[in-house]
Amino acid sequence: MAMNWDTIQGKWKQMKGDAKSEWAELTDDDIDRAEGDRDTLEGILQEKYGKTKEEVRDEVDQWMKKIS
């Protein structure tokens, strides 16, 4: 079963490394700023990578499947 965002948010400290592995341009500050909030993370990814909201949402969905 795929992990839901509430689970990721609750385990954000453990998930930080996975997020940095997935998106190498994220800094520790970016990860801390997201604080496990999906919308914030997606906004940061849009800024860093210049992708659309839909592209970023798909990437985050794929990442969630990968880590669960």
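In the block above lies the structure referred to throughout.
As the structure is a prediction and not an experimental result, all values here were calculated from the model.

Cut-offs applied
Residues numbered from 1 in each chain as written. Predicted model: local features only at pLDDT ≥ 70, side-chain atom pairs only at ≥ 80, totals over all residues. Heavy atoms only, no water. Helix = DSSP H or I, 4+ residues; strand = E, 2+ residues; numbered from the N terminus. Expected span 1.5 Å × (residues − 1). Buried < 20%, exposed > 50% of the residue type's maximum accessible area, 1.4 Å probe, protein only. Arc of directions from axis to C-beta. Contact = heavy atoms within 4.5 Å.

Chemist: It is not clear to me how helix α4 (residues 38-49) should be interpreted in this structure. Could you clarify?
Modeler: It helps to recall that an α-helix has 3.6 residues per turn; residues three or four apart then point in one direction. Counted at 1.5 Å a residue, the expected span for α4 with its 12 residues is 16 Å, and the 16 Å between its end C-alpha atoms agrees. Along α4, the residues that are buried comprise Arg38, Leu41, Glu42, Ile44 and Leu45. What you see down the axis of α4 is that its buried residues fit within an arc of 160 degrees, all on one side. Facing away from the buried side of α4 by over 90 degrees, the exposed positions are Asp39 and Glu47. Contact partners of the buried residues in α4: α1 (5-10), α2 (12-22), α3 (28-34) and α5 (53-67). Where α4 terminates, the next one or two residues include Gly50, which has phi positive at roughly 65 degrees.

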